[in-house]
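A closer look at the structure
Residues per chain are reported as follows:
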Amino acid sequence: MTDNEYKQIKKFVLEELKQVYVPATMTLWFEEMRVVSLENNLITLSFPASKKSFVEMQYYHALKEKFSGVLGFDVEIAFITDDEEADLRLGISKIAEEEEEKEISTYKMRFSPEYTFENFVVGKSNQLAHAAALAVARHPAELNNPLYFHGPSGLGKTHLIFAIINEIRKNHPEYNILYVTGEDFTNELVRSLAEKKPMVFRDKYRNVDVLLVDDIQFIAGKMMIQEEFFHTFDTLFKLKKQIILASDCAPKDIDGLEDRLKSRFVMGLVADIQPPDLELRIAIFQRKTKDYGFELDMDVLYYLSHNITTNIRQIEGALKKLHAHNLITGEKITYSVAQNILSEFFVTEKKQENTIEKIFDYVVRRYGVKEEDIKSAKRHADIIAARHCATYIIRKTTNLSQKAIAKLFGKKDHTTVMHSLDSMEKKMLEDAVFAKEIEGVINELNKK
Ligand code: ADP
Ligand code: MG
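Right, let's walk through the structure included here. If you're wondering where the values come from, they're calculated on a predicted model, not measured in any experiment. (Residues numbered from 1 in each chain as written. Chains lettered and ligands numbered in written order. Predicted model: local features only at pLDDT ≥ 70, side-chain atom pairs only at ≥ 80, totals over all residues. Heavy atoms only, no water.)

**Comments concerning the overall build of the protein**
Test applied: A run of H or I in DSSP counts as a helix once it spans at least four residues, and a run of E counts as a strand once it spans at least two, with each numbered from the N terminus. What the globule rule says is 2.2 Å times the number of residues to the power 0.38, and the radius of gyration is computed from C-alpha atoms. Any pair of residues with heavy atoms lying within 4.5 Å of one another is described as a contacting pair. Residue exposure ignores everything except the shown protein chains as possible cover, and the areas themselves are Shrake-Rupley values with a 1.4 Å probe. Counting rule for charge: Lys and Arg are taken as positive, Asp and Glu as negative, and neither His nor the chain ends is counted. Lys charges are placed at NZ, Arg charges at CZ, Asp charges at CG and Glu charges at CD.
Counting its secondary structure elements, the protein contains 20 helices and eight strands. Over its C-alpha trace the protein gives a radius of gyration of 24 Å, about what one expects of a compact globule, namely 22 Å for 448 residues. For the C-alpha atoms alone, the extent of the protein along its principal axes is close to 70 × 60 × 50 Å. Of the contacts made within the protein by residues no fewer than 6 positions apart, 70% connect residues no fewer than 24 positions apart. Working note: accessible area of the protein is about 23,400 Å², and carbon and sulfur atoms make up 54% of it. The distance from the centre of the 62 positive side-chain charges to the centre of the 69 negative ones in the protein is 1 Å.

Have a look at this one:
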């Protein structure tokens, strides 16, 4: 969302407030207000430090109501000072530099008309999930409660979730629908406890008609968060409200998830999404080229579909590249043009995948631990050492960003990667033999 859009929202809200407050109030308290961000139903507003507390105390409800009205869905309001805003912006631009993959922000998806059932291409690997989503969207809280999706990243879980939201909004505009990620839920709960406002949090989560939690695996291993989620779940379930969850694996495979949650998550319908087969990949390519407004011959489609095999996000990435080329040069995308544009993209991806595989093989052997443990949140000393080592070698042999590396280990936050790199470097400084060994491995991998 751009600054201009934020300004636009502010303008609308001010117009609403003007109906209620005299001009002097408007100038004194709201003129300097800035909309800093909108993320997952949370609007962050900044005010001069001298005014923030008063506005927060006096106008919180009015602001909440007006922003919710203007945006068309319920928002929570966070207040910060303009100094905090400056810090935040600095932080945001740093993260943006780090972030190579341009994942579509949650906000954008919420408002994007693209994530609908109509443009979800159905094949063998996702038909169960699609059918389940459609059934729940048409008949919320009747049959499949909770609905639980799982599957690897980039296969359409979030797309289906938003398709459900769009569909329910159409049929039941009066429904209170809340979408959050497991991480949002966690952060919000922590904040509400810190601010000693757990009731606000509870009110928000226990008064919805539909609760959708994306990447629910995030709450695993966090006792207090799971406790709260358990009660949220039970309350909504008893009230016959629809719950929809998505995760990268089946409930039984989420390490550190409490048994009582595991058993609840499978009470309704569990639908998995598998990587798309060739037929579905071709269909998706065809569908998306049409959406982009250009065409590809069958040989090009085959070339693409053979090379991109696991992830639908990559399909979109490749198509964007081709489309851009087509727009800029006007050149038709033939087989050889496509090959030229994408070969490097494919080769580096393949090479990187191989390298990462080799690194895990090495670390697994060296430390005598399991790969899945390295990628889990387990904190056994050997596992931690192996994790640090793998992180370090990956950083030195691939061009993955810290954030992308964090993702390999199931983490969203790159600070864990920074920490691993630090502690590896320290260890290598202290132990020359160890350092030599690791450098040898890195050299070997970089040769190829
Ligand atoms: P996940 O949440 O499983 O990681 P997403 O829902 O974010 O995956 O999907 C990644 C991208 O691929 C999105 O842009 C989505 O629209 C697209 N996509 C996934 N599956 C399909 C499909 N079956 N048909 C069309 N687009 C799809
Ligand atoms: Mg997702």
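**Thoughts on the sheet that holds strand β2 (residues 42-47)**
The following threshold applies: A pair of strands counts as paired when DSSP detects no fewer than two bridges linking them. Axes, fitted as lines to C-alpha atoms, cover a helix only where it is in contact. Angles between the N-to-C directions of the axes lie from 0 to 180 degrees.
Reading across from one edge, β1-β2-β3 is the order of the three strands in this open sheet, with mixed pairing throughout. Single-partner strands in this sheet number two, and they are β1 (34-39) and β3 (76-81). Recorded for the sheet is a direction-independent mean angle of 25° between the axes of neighbouring strands. The pairing of β2 with β3 spans six bridges and is classified as parallel. If you follow Phe47 over to β3, its bridge partner there is Thr81. Relative to β3, helix α3 (residues 49-71) is tilted by about 150°, and along the sheet it contacts β1, β2 and β3.

**Focus on the packing of helix α17 (residues 381-397) against helix α20 (residues 432-447)**
As a reminder, the rule being used: For classification purposes, an angle smaller than 35 degrees is called roughly parallel, one larger than 145 roughly antiparallel, one from 65 to 115 roughly perpendicular, and anything else oblique. Take the far helix as your reference; a near helix turned counterclockwise from it by less than a right angle gives a left-handed crossing, and one turned clockwise gives a right-handed crossing. Charged means Asp, Glu, Lys or Arg here, nonpolar means Ala, Val, Leu, Ile, Met, Phe, Trp, Tyr, Cys or Pro, and polar covers whatever is left, Gly included.
Close contact between α17 and α20 brings their axes to 10 Å; oriented N to C, the two are set at 40°. Of the possible angle classes, the one that applies to α17 and α20 is oblique. The handedness of the crossing between α17 and α20 comes out as right-handed. Contacts between α17 and α20 involve Cys389, Tyr392, Ile393, Lys396 and Thr397 from the former and Ile438, Val441, Ile442, Leu445 and Asn446 from the latter. Of the residues that constitute the contact of α17 with α20, the class distribution is seven nonpolar, two polar and one charged.

**A short note on the pattern of salt bridges**
Cut-off, in case you're wondering: For salt bridges, the criterion is a side-chain nitrogen of Lys or Arg within 4 Å of an Asp or Glu carboxyl oxygen. Buried residues are those whose accessible area, probed at 1.4 Å on protein chains only, stays under 20% of the maximum for their type, while exposed residues exceed 50% and partly exposed ones sit between those limits.
A complete count under the given rule lists 24 salt bridges for this structure. Here Glu188 ties to Lys204 by a salt bridge, and the two come within 2.8 Å at their closest N and O atoms. With Glu188 in helix α8 (residues 182-194) and Lys204 in helix α9 (residues 198-206), this pair connects stretches of sequence that are 16 residues apart. Lys204 gets classed as buried once you look at its relative accessible area, which sits at 18%. The salt bridge partner of Lys197 is Glu195, with a shortest N-O separation of 3.9 Å. Judged by relative accessible area, which is 39%, Lys197 ranks as partly exposed. Overlapping salt bridges, with partners in common, bring together Arg138, Glu167 and Lys170 in one network.

**A word on the environment of Thr81**
Tracing the backbone through its elements, the reader meets Thr81 in strand β3. Judged by relative accessible area, Thr81 falls into the buried class, the value being 14%.

**A closer look at the site of ligand 1**
Our working definition: Note on definitions. A residue lies near a molecule or strand when any single heavy atom of the residue is within 4 Å of it. Nitrogen and oxygen atoms within 3.5 Å of one another constitute a polar contact, given that in protein one can donate a hydrogen and the other can accept it, and given that sequence-neighbouring residues count only through two side-chain atoms.
Taken together, 17 residues are adjacent to ligand 1, and Val121, Gly154, Thr158, His159 and Glu316 come closest. Contact between ligand 1 and Val121: a nitrogen atom at 2.8 Å from a main-chain N or O atom of the residue. Measuring from an oxygen atom of ligand 1, one finds a backbone N or O atom of Gly156 at 3.0 Å. For ligand 1, whose free accessible area comes to 560 Å², the fraction covered by protein is 95%. Only α7 (157-171) and α14 (312-329) provide two or more residues apiece to the shell around ligand 1.

**Side note on unusual backbone geometry**
Residue Asn145 is joined to Pro146 through a cis peptide bond whose omega torsion reads -5°. Even without being a glycine, Ala141 presents a positive backbone phi close to 60°. Secondary-structure assignment places Ala141 in the loop between α6 (127-138) and β4 (147-150). For Ala141, a relative accessible area of 23% corresponds to the partly exposed category. Within the chain, Lys196 stands out as a residue other than glycine whose phi angle is a positive 55°.

**Quick notes on α20**
Basically, it comes down to this: Every helix has an expected span of 1.5 Å times one less than the residues it contains.
The terminal C-alpha atoms of α20 lie 22 Å apart, and with 16 residues this matches the ideal 22 Å at 1.5 Å per residue to within 8%. At the N-terminal boundary of α20, the capping side chain belongs to Asp431, with an oxygen 3.2 Å from the backbone nitrogen of Val433.

**As for the pairing of strand β5 (residues 177-181)**
Most of β5 sits inside the fold, with five of its five residues counted as buried. Neither face of β5 is exposed, since Ile177, Tyr179 and Thr181 on one face and Leu178 and Val180 on the opposite face are all buried. The pairing of β5 with strand β6 (residues 210-214) spans five bridges and is classified as parallel. Across the sheet, residue Tyr179 finds its bridge partner in β6, namely Leu212.

**What to know about the nonpolar core**
This is how the line gets drawn: Residues grouped as a nonpolar core are buried Ala, Val, Leu, Ile, Met, Phe, Trp, Tyr and Cys residues, joined through side-chain atoms within 4.5 Å.
Residues Phe149, Ile161, Ile164, Ile244, Leu296 and Leu304 are the most contacted members of the largest nonpolar core, which totals 49 residues. Element by element, the count of residues in this core is highest for α7, at seven residues. Not counting residues within four places of it along the chain, the set of residues in contact with Leu296 comprises Thr289, Leu301, Leu304, Leu319, Leu322 and Ile333. Counting 31 residues, the second largest nonpolar core, distinct from the first, contains Tyr362, Leu400, Val417 and Leu445.

**Re the sheet that holds β5**
Strand order across the open sheet formed by five strands is β5-β6-β7-β4-β8, with parallel pairing between neighbours. Single-partner strands in this sheet number two, and they are β5 and β8 (269-272). For this sheet, the mean angle separating the axes of adjacent strands, direction not counted, is 15°. In terms of strand pairing, β4 meets strand β7 (residues 242-247) through four bridges, oriented parallel. Paired with Leu147 across the two strands is Ile244, which belongs to β7.

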